[in-house]
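Here is what each chain is made of, one letter per residue.
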Amino acid sequence: MDDLVSLCKRRGFIFQSGEIYGGMQGMYDYGPLGIELKNNLKQAWWRAMVYENDNIEGLDAAILTNPTILKYSGHEDTFTDPMVDCKTCNQRFRLDQVPEHCKKKDLTEPRQFNLMFKTNVGPIEDGSSFGYLRPETAQSIFTNFKNVVDSSSKSLPFGIAQIGKAFRNEITPRNFIFRVREFEQMELEFFVEPGSDEDWHKKWVQKRLDWWEKQGIPIESIELYDVPSDELAHYSKGTIDVMYKFPHGLEELEGIANRTDFDLGSHTKNQDELNISADVVENKSSNTRLAIQNIETKEWVVPYVIEPSAGVDRGVLAIMNEAYSVEPLGDGKERTVLKLMPHLSPIKAAVIPLKKNNEELVKLASDLKSKLQKLNLGRIILENTGNIGKGYRRHDEIGTPLCITIDFDSLEDNTATVRDRDTMNQERIAIDKLPEYLIKNING
Ligand code: GAP
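Attention in this report is confined to the structure presented alongside it.

Over the atoms, a rolling probe the size of a water molecule traces out where space has been left empty. Quantified by volume, the largest pocket comes out at close to 1,400 Å³. Along its surface, the largest pocket is lined by 43 residues, and R94, R168, R179, D241 and E252 are the ones closest to its centre. If you list the elements that add at least two residues to the lining of the largest pocket, you get α4 (75-78), β5 (80-86), β11 (182-192), β13 (238-246), β14 (249-260), β17 (304-311) and α10 (312-323). No other element matches the eight residues that β14 contributes to the lining of the largest pocket. Tallied by class, the residues present in the lining of the largest pocket amount to 17 nonpolar, nine polar and 17 charged.

What follows concerns the sheet that holds strand β10 (residues 158-167). Pairing within the open sheet is mixed, and its seven strands lie in the order β3-β10-β11-β17-β14-β13-β12. Among the strands making up the open sheet, the edge pair consists of β3 (56-59) and β12 (222-226). Strand-to-strand, the axes of this sheet are offset by a mean angle of 25°, without reference to chain direction. Bridging between β14 and β17 involves six bridges; their strand directions are antiparallel. Residue pairing in the sheet places E254 in a bridge with A310 of β17. Packed on one face of the sheet, helix α7 (residues 145-152) meets β3, β10 and β11 and runs near 140° to β10.

In this structure, F13, M186, W204, W212 and M320 are the most contacted members of the largest nonpolar core, which totals 58 residues. Setting aside anything within four residues of it in sequence, one finds W212 in contact with M186, I217, I222, L253, E254, A310, G315 and I319. V149, L264, A291 and V302 belong to the second-largest nonpolar core, a separate cluster that totals 20 residues.

Right, let's get into the packing of aromatic side chains. Two numbers describe a pair of aromatic rings. These are the distance of the centres and the angle of the planes. For the coordinates displayed, the defined rule picks out twelve aromatic pairs. Ring geometry for F178 versus F246: centroids 5.0 Å apart, planes at 70°, classification edge-to-face. In this pair, F178 sits in the loop between β10 and β11 while F246 sits in strand β13, placing the two residues 68 residues apart along the sequence. Its relative accessible area of 3% is what places F178 among the buried residues. Its relative accessible area of 4% is what places F246 among the buried residues. Seen in terms of ring centroids, W211 and W212 are 4.8 Å apart; in terms of plane orientation they differ by 70°. Their pairing is edge-to-face. Per residue, the accessibility class of W211 equals that of W212, and both read buried. Through successive ring pairs, a cluster of aromatic residues spans F142, F145, F158 and F191. The residue whose ring lies beneath R289 is W300, and the NZ or CZ to ring-centre distance is 3.7 Å. Sitting over the face of the ring of F178, R314 holds its NZ or CZ atom 3.7 Å from the ring centroid.

So, about the environment of I217. Counting through the fold element by element, I217 comes out in the loop between α8 (197-214) and β12. Sequence separation between I217 and E322 is 105 residues, and the spatial gap between their C-alpha atoms is 6.6 Å.

The full count for this structure, using the stated rule, is 30 salt bridges. Here K38 ties to E184 by a salt bridge, and the two come within 2.6 Å at their closest N and O atoms. One end of the pair, K38, is in helix α2 (residues 32-51); the other, E184, is in strand β11, and 146 residues separate them in sequence. Like K38, the residue E184 is buried in the burial classification. Ionic pairing is found between D81 and R94, a salt bridge with its closest N-O pair at 3.5 Å. In this pair, D81 is assigned in strand β5 and R94 in strand β6 (residues 91-94), connecting sequence segments 13 residues apart. In this structure, D81 and R94 share a single accessibility class: buried. Within the structure, one salt-bridge network assembled from shared partners comprises E327, R335, K339, R393, D396 and R419.

Reading the values: the criteria
Residues numbered from 1 in each chain as written. Predicted model: local features only at pLDDT ≥ 70, side-chain atom pairs only at ≥ 80, totals over all residues. Heavy atoms only, no water. 1 Å grid on protein atoms, 1.4 Å probe; cavity = no way out; pocket = protein on both sides within 12 Å on 5 of 7 lines; lining within 4 Å. Points joined across faces, edges and corners; volume = space filled by probe spheres on them. Helix = DSSP H or I, 4+ residues; strand = E, 2+ residues; numbered from the N terminus. Nonpolar A, V, L, I, M, F, W, Y, C, P; charged D, E, K, R; others polar. Pairing = 2+ DSSP bridges. Axes fitted to C-alpha atoms, helices over the stretch in contact; angles between N-to-C directions. Contact = heavy atoms within 4.5 Å. Core = buried A, V, L, I, M, F, W, Y, C linked by side-chain atoms within 4.5 Å. Buried < 20%, exposed > 50% of the residue type's maximum accessible area, 1.4 Å probe, protein only. Phe/Tyr/Trp six-rings, centres within 6.5 Å; stacked < 30°, edge-to-face > 60°. Lys NZ or Arg CZ within 6 Å of the ring centre and 35° of its normal. Salt bridge = Lys/Arg side-chain N within 4 Å of Asp/Glu carboxyl O.

Written out as C-alpha cells, the structure reads:
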C-alpha cells in the first residue's frame, strides 16, 4: 500500500484533499493521471451496462436528497454503525474496528451513529429545511422508476444505471481510498419479474466477475462472500460480495444484492392494492404507483430488483494494485511498471522527439500527436523532454502502453520506433500505419 500511495502522489494520480492545510480524513483528490484512469474505468462500466444492453438506460440524478426519500428507504432509521470512544486516547472507532492498542482500555458502551451527512437547504439555518447528501446512488433510481419506464417504454426485465458521488460519514475512514467519506459508486438496479430474481442474481454475479476480469482483476484475486442473513442490509434477501485481495486484506469491492420489491414497495403509493412481499413501512407521502402492468393478465406487478453496486475508488485501488509491478533489468537496476489494461491507461501513447530542440523532429512529433489524438482513444501526449530513457521510465510507471519515438531516420523514411510497455520490445513502424496500430493495440 505504501508503494502505491507514494506512486499516486509522485506521479499525480491521487492527492490527499486539502493537503496544504494538513488534509482532511477520508477525503482524496484525483490528479491529472488519476482523473483519466477513473474516467476510463467509469466509461468501461457505462459501455458494458448501457451501450451493450438495449434493456438498460442511464440516469444522472441530484446528490442532495429529500429526507422523505431516505425516510421511506429505511436509511434514516437503519443506516447506522455502532461506535465506541476510547477514554484513554479520546478517539472514536467503529465497534468492529477498534485498534489492538485500545481494545484493553476503557471504552464507552457502543452507540448507534447515523452515517448520512445532513445539510441546510435554502437560506434558513434553523433545521426546518434540510437535505441529505445521498449515501448511495440507488434511491434516485427507484424514485425515477416511473419517469424512466414512461419515457423509454420499458418492459421487464430492464435496468437503470447510474454513476455518481455518494457520501458517508464513516467513523474510521482508512486504507487510502478504500474507505472514504466522499466516493463514487457505479450502480445498476435491474428490475425483474418476482420469481425470476434468484436466476437473475446468479447471472449478474457472473457478468460482474467477467467484467472485472476485463479490467485486469483476475478471478484468482477474488473471493465471493455469500453474506449470512444476520449481516444482510435491511433491504436484502441475499447478497454476494465480490471480495478482492487489497494490499491491506480481503475486502469488499462490489456488492450484488437481491433487494426484492422492498424499494419500489416502500416508495409506491397504493401499497395495499399491490402484492408487495417485503416488509415495508406504510407510505402516506408518495403520489406515484411504482409498478408495471402485465400486458396479458393486466395485473400490476412490483418488480424485484437485482443490484450490482461497485465502488469506483475501490475499483481504481484494486486495478492499480493488480497492475503494479517491479521488474529487474539486470545490472542491479529495476523498473516500476503499471501493467494497466490499455483501455484504462491514463495516457494511451507518448510521442517523443529524439532531440527536444530540433524543430523538424518536434514538428513531425507534434503533427503525429494531433493526428493520433483525433482517433478518440483517450489522451495522447507529446513528451518533449529530450531524455528518451527517462521518458520510458516515467511512462512505464504511469502505465502508458506505447511510446513512439521520432528520430532522424523518421525524417527520411517516415517511420517511428514503437516501444511496448510490457515487453519493452521496439519495432519500426510506418507513421501512416500508426493510427491503425494504435486502434488495434489500445482498443483490443
Ligand atoms: N446501493 C447499495 C450500496 O450502497 P454498499 O455495499 O453499502 O451498497 C456499494 O456499497 C459499494 O460502494 C461497495 O461495494 C464499495 O465498493 C463502495 N463503498 C461503500 N462505502 C464506501 C466507502 N466508505 N468508501 C469507498 N467506497 C465505498
